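Structural overview for review
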Amino acid sequence: MTAENKLLTLKPMLRFIGVSSALGAPFADPCQGPDRLRAMGIEAAVRRAGLDGGWGTSIETPAGPPLKALAALLTEIADEVCTSVRTGNVPIILGGDHSIAAGSWRGVGRALDQAPGLIWIDAHLDAHTPATSITRNPHGMPLAALLGEGSPEMTDIAGPMLDPAHVAVIGVRSYEPDEMRLLAGFGVQVFGMPEIRRRGLQAVFADALHIAGGDSRPFGISLDLDALDPLTAPAVSTPVADGLTPSELAAAISGLIRDRRCIAFEIAEYCPARDASGLTARAAIDLLEAACRPDTAALRQLEAQFGANNYAPLPVVLAEGHGSWLTDNDGRRYLDLMAAYSAVSFGHTHPRLVATLSAQASRLAVTSRAYSNDRLPLFLKRLTDITGYDRALPVNTGLEAVETALKAARKWAHKVKGVPADRAEIIACHGNFHGRSIAIVGLSSEAQYRDGFGPFPPGLLRVPYADAAALEAAITPNTAAFLVEPIQGEGGIIVPPDGYLAACAEICRRHDVLLIADEVQTGLGRTGHLLACQHDRVRPDGLILGKALGGGLLPVSAFLADERVMQVFKPGDHGSTFGGNPLAAAVASEALELLFDQQLIAHSAELGQYLLHRLAEIARGTPLIRAIRGRGLFAGIEVDAACTDAASLALALLARGVLTKDTHSTVLRIAPPLTISREELDWGLARIEEVFADAGHRQPWAA
C-alpha cells in the first residue's frame, strides 16, 4: 500500500501515547507531564471537539545507563507510534522531554514507508549533536537526530530520516550558532519570532504547512510548550521570553488534526511541578482542542444533524466576543446589533463581569435554596433598592420569571382578592411574547407558537395592544392580572402611545387587578430609563426582569413585587434549584453596579436619540422602509413587505459584518450592547444604509 493510500484510510480516531520520561532533560520535571495532562482532561478535549479518542498506552522510562535507556525508550515509542498509524489511528504523543521526538517521527515514517513532513514548534532549534551541545542533554538534540546527525542512540531508530525539504521550524528565539549552521546546511526552513511578529503567525504557518504538507504529503506537528511565552505557559523545561501566545497558536493550528494529511501530533516538555495554577496544562489542552476543532461547515452540519430543528440561525458560527464585537469560527469580525435580545447589554465578556464570575466560581457556585448562601441576600437587597420593590424572587430564565408572575397573580387572586378557586383570569395583549412554556404559549396570538401544543390552561385572555379601553372591557370580577410588555419586542418593536401604560395602571387599580410588566428585554437601561414603564411614570404591581440581569454570562431573572403580592408564597409553593445560586447572584450584583458606574442608562438615552435620528434619515432615502420605531437603544426598522423582506436584509448585513435579526420578516431589530460607542454605532449605521441602498437598486422602479 502506498503512503497516499494509507493516508486515505486514516480515520479521525485519536490514540494517546503518554511517555513518562525525562531521560533527555537535565531534571526530572517533565516525567509526570503526561499523567498530569491526562488527569486535567486532555482526552476530553478531543471529544469536546467532536472527535473520538482515548488513552492507548503509557510508556515508562526503561532502566539502565541513560543513553542506553534512551535508545530503548525511543525504540518503544517508535513501535507504538508505528502501530497506531498502521491501524488507522492518529497518535497524540505526550512527553516527557522533547527527546522523545527522535522516536515519534521515525515510527510515523516507518508506518508510511516514507518520512512525513514535520512542523517543529519550539523556542529552540533542538539541532545539537554531542559535539556541539554545551549541556550534552539529549532534549536539545532530537531534530538533528531525525535528520541523521548525532549519537547513534538517537539516530539509529528504525524508520526513514526526515526529508529536510519538508521540515519547517516555527517560533525559534534561542539557539546556538552551530545548530543554525547544521539546519541551514540541510536546507531546513526556520521561522524565528522576528519574522512571525513582522508577518503574523497565520501567514508564517501557512508557509510552514505548504513546506511540510505540500503535494498531499502526510505531515505531523511537534510542539514544545516552551514555544509559548512563559507569561502564558511558565511550566516548561527551558522557558524563553517573547514567545507565541496560546490564542495566536490556537488560531494557526485550528482544525489541523481534521486535515487528512495530519498523521500525528506531539506535545512535549510540560513540567507539572512548576504549574501550581494549572496555566500551562490549560494551554496545552486548549491547543489540542483547537487542533481538533471542526470548521464552520462541519459545525453547522453537526448542529443540523444532532440538534432539534427549533431554530433557524443565520449562516454564521460565532466563536469569540469582546465588547460590541463578535468573531466567527473563521476569524471574521461582526458588530453586534442584537446583544442576544438584550442579554448582552454590558457587551461581550466584560472584564469586570468575567472577573466576578471567575472569582465566585472558584469559591462557590451552586448550593440550591435548601441552604442560604452569602451572595443571594446582598443581591436581593441591591435589586430591591434599585427598583423600589419590597421583595424579589430569583429564578433563571425570563420564561421562569413570567411563570412565577402568573403563579403569584393567580394565588393572589384566590387568597387575597377572593376570586373563586380555579377561576382566576390573566389578560395579555395580541402580539405579545412572554416565552414558550405551555401556559405562556396559551397567551400568545402567534399561530406557530400555539400550533400542536394545546390544550392550554383556561383563564388566559388577550386584548389589542395599546388599547386601554379594550383592557377595561375585558376585565371581569375574576381578573387577576394584566401582563404587558411596555414595548413589544418580538412583536416588532411596537411602542404604545404616550399615556397608554398610565391609563392601564389606573384601570387596574380601579378594578383591583395586578398590573405586571414584562421588562425582560426592555429593563435595566435598554430604553433610556432604568425601566421602560418609567417613560409613562408607571410603577407596576409586579415587575419581571431577566436577560441583562445575567451580564451576558449566565441566565438570571427575577419577579419583583411588594409584600401584598409576595405574601402569597410560602415555603414549598415555588422554587428553582439554580434560582438564586451564589454564582448567578454575584454576577447579577456586579451587572447592576456596572449599570450605574458606567452611566449606561444615560448613555442609552443619549445614543438612542441619535440612533433613531440616523435611522429616520436612512428611511427618508429609501421607499423600502415604512417606519422607524423605538426608544433608547431598542429600535425597529419596519420594511415594505411588498418590496423586500427583513430576513434577506439581515443576511445582507451579515455579509457586511453586522449582526441583527428580523422579526416576522417585516422588522429589523437594532438593539446593540449599551456599552457601544458612537463610532461603533456609526459604522453599523453606515452598513445599514448601504444594504438598503443596494436593495433599492434591485427594485423595478430603480431601473
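Residues numbered from 1 in each chain as written. Predicted model: local features only at pLDDT ≥ 70, side-chain atom pairs only at ≥ 80, totals over all residues. Heavy atoms only, no water.

The next point concerns the overall build of the protein. Helix and strand content of the protein: 25 helices and 23 strands. By its C-alpha atoms, the protein is 95 × 70 × 45 Å across when sized along the principal axes. Counting the 703 residues in the protein, one finds 56% classified as buried. A separation of at least 24 residues holds for 74% of the contacts in the protein among residues at least 6 apart in sequence. When the accessible surface of the protein is split by element, carbon and sulfur atoms take 53% of a total near 28200 Å². Computed over 62 positive and 78 negative side-chain charges, the separation of the two mean positions in the protein equals 5 Å. (Helix = DSSP H or I, 4+ residues; strand = E, 2+ residues; numbered from the N terminus. Buried < 20%, exposed > 50% of the residue type's maximum accessible area, 1.4 Å probe, protein only. Contact = heavy atoms within 4.5 Å. Areas by Shrake-Rupley, 256 points an atom, 1.4 Å probe, with all protein chains shown as cover. Lys, Arg positive; Asp, Glu negative; His and termini not counted. Charge placed at Lys NZ, Arg CZ, Asp CG, Glu CD.)

Further remarks concern the packing of aromatic side chains. For the structure shown, the criterion picks out four aromatic pairs. Considering the side-chain rings of Phe 16 and Trp 55, the 5.8 Å spacing of their centres and the 5 degrees angle between planes classify their relative orientation as stacked. Placement of the pair is Phe 16 in strand β1 (residues 13-20) and Trp 55 in strand β2 (residues 52-60), with a sequence separation of 39 residues. Judged by relative accessible area, which is 17%, Trp 55 ranks as buried. When the ring of Phe 433 is compared with that of Tyr 449, the centres are 5.7 Å apart and the planes differ by 65 degrees; the resulting orientation is edge-to-face. Note that Phe 433 is positioned in the loop between β13 (425-429) and α17 (438-443) and Tyr 449 in helix α18 (residues 447-450), a separation of 16 residues in sequence. Judged on exposure class, the residue Phe 433 and its partner Tyr 449 are both buried. (Phe/Tyr/Trp six-rings, centres within 6.5 Å; stacked < 30°, edge-to-face > 60°.)

A few words now on empty space enclosed by the protein. It is the rolling of a water-molecule-sized probe over the atoms that shows where space remains empty. In this structure the tally under the stated criterion is two cavities of 30 Å³ or more. By volume, the largest cavity is sized at about 60 Å³. Lining the largest cavity are 13 residues, with Pro 486, Pro 496, Leu 501, Asp 536 and Arg 631 positioned closest to its centre. Class assignment for the residues of the lining of the largest cavity results in eight nonpolar, two polar and three charged. Put simply, the second largest cavity is a space of about 40 Å³. (1 Å grid on protein atoms, 1.4 Å probe; cavity = no way out; pocket = protein on both sides within 12 Å on 5 of 7 lines; lining within 4 Å. Points joined across faces, edges and corners; volume = space filled by probe spheres on them. Nonpolar A, V, L, I, M, F, W, Y, C, P; charged D, E, K, R; others polar.)

On to the nonpolar core. Membership of the largest hydrophobic core comes to 59 residues, with the highest contact counts inside it found for Phe 379, Leu 383, Leu 549, Ile 688 and Phe 692. Once residues lying within four places of it in the same chain are set aside, the contact partners of Leu 549 are Phe 379, Leu 383, Leu 524, Val 556, Ser 557, Ala 558, Ala 588, Ala 591 and Leu 592. Grouped together as the second largest cluster of nonpolar side chains are 55 residues, Leu 223, Ala 233, Leu 249 and Leu 288 included. (Core = buried A, V, L, I, M, F, W, Y, C linked by side-chain atoms within 4.5 Å.)

This part is about the pairing of strand β19 (residues 625-630). By the bridge criterion, five bridges tie β19 to strand β20 (residues 635-639) in an arrangement that is antiparallel. The residue of β20 that forms the bridge with Ala 627 is Glu 638. (Pairing = 2+ DSSP bridges.)

So, about the sheet that holds strand β5 (residues 167-172). Read across the sheet, eight strands follow the order β2-β1-β3-β8-β7-β4-β5-β6 without closing on themselves; strand pairing throughout is parallel. Two strands close off the open sheet at either side, each with one partner strand: β2 and β6 (189-192). In this sheet, adjacent strand axes meet at a mean angle of 15 degrees when their direction is disregarded. Pairing of strand β4 (residues 117-121) with β5 involves four bridges; the strand directions are parallel. By the bridge assignment, Ile 121 is partnered in β5 with Ile 170. Sitting on the sheet, helix α5 (residues 101-112) touches β3 (90-94), β4, β7 (219-224) and β8 (262-268), and the angle it makes with β8 is about 170 degrees. (Axes fitted to C-alpha atoms, helices over the stretch in contact; angles between N-to-C directions.)

The next subject is unusual backbone geometry. Across the junction of Gly 95 and Gly 96, the peptide omega takes the value 25 degrees, indicating a cis bond. Looking along the chain, the bond that leaves Gly 454 and enters Pro 455 is cis, with omega of 0 degrees. By secondary structure assignment, the location of Pro 455 is in the loop between α18 and β14 (460-463). Of note, Asp 215 is a non-glycine position whose phi angle comes to about 60 degrees, a positive value. By the element assignment, Asp 215 lies in the loop between α10 (201-213) and β7. Phi angles above zero are rare outside glycine, and Lys 547 is one such case at about 45 degrees.

Here we take up helix α12 (residues 279-292). Under the 1.5 Å per step criterion, the end-to-end length of α12 is 20 Å for 14 residues, consistent within 8% with the ideal 20 Å. Where burial is concerned, most of α12 is hidden: 11 out of the 14 residues are buried. Where α12 is concerned, the buried positions are Thr 280, Ala 281, Ala 283, Ala 284, Ile 285, Leu 287, Leu 288, Glu 289, Ala 290, Ala 291 and Cys 292. (Expected span 1.5 Å × (residues − 1).)

Our next topic: the packing of helix α15 (residues 376-387) against helix α22 (residues 582-597). With their axes 9 Å apart at the nearest point, α15 and α22 run at an angle of 30 degrees to one another. Two packed elements cross with a definite hand, and for α15 against α22 that hand is left-handed. Residues Leu 376, Phe 379, Arg 382, Leu 383 and Ile 386 of α15 pack against Ala 585, Ala 588, Ser 589, Leu 592, Glu 593 and Phe 596 of α22. A breakdown of the residues in the contact of α15 with α22 according to their chemical character gives eight nonpolar, one polar and two charged. (Left-handed = near helix turned anticlockwise from the far one by under 90°.)

Moving on, we come to the layout of surface pockets. Roughly 780 Å³ of internal volume is contained in the second largest pocket. Contributions of two or more residues to the lining of the second largest pocket are made by α11 (246-253), α12, β9 (318-322) and β10 (325-328). With seven residues, α12 is the largest single contributor of residues to the lining of the second largest pocket. When its residues are assigned to classes, the lining of the second largest pocket shows 11 nonpolar, eight polar and 10 charged.

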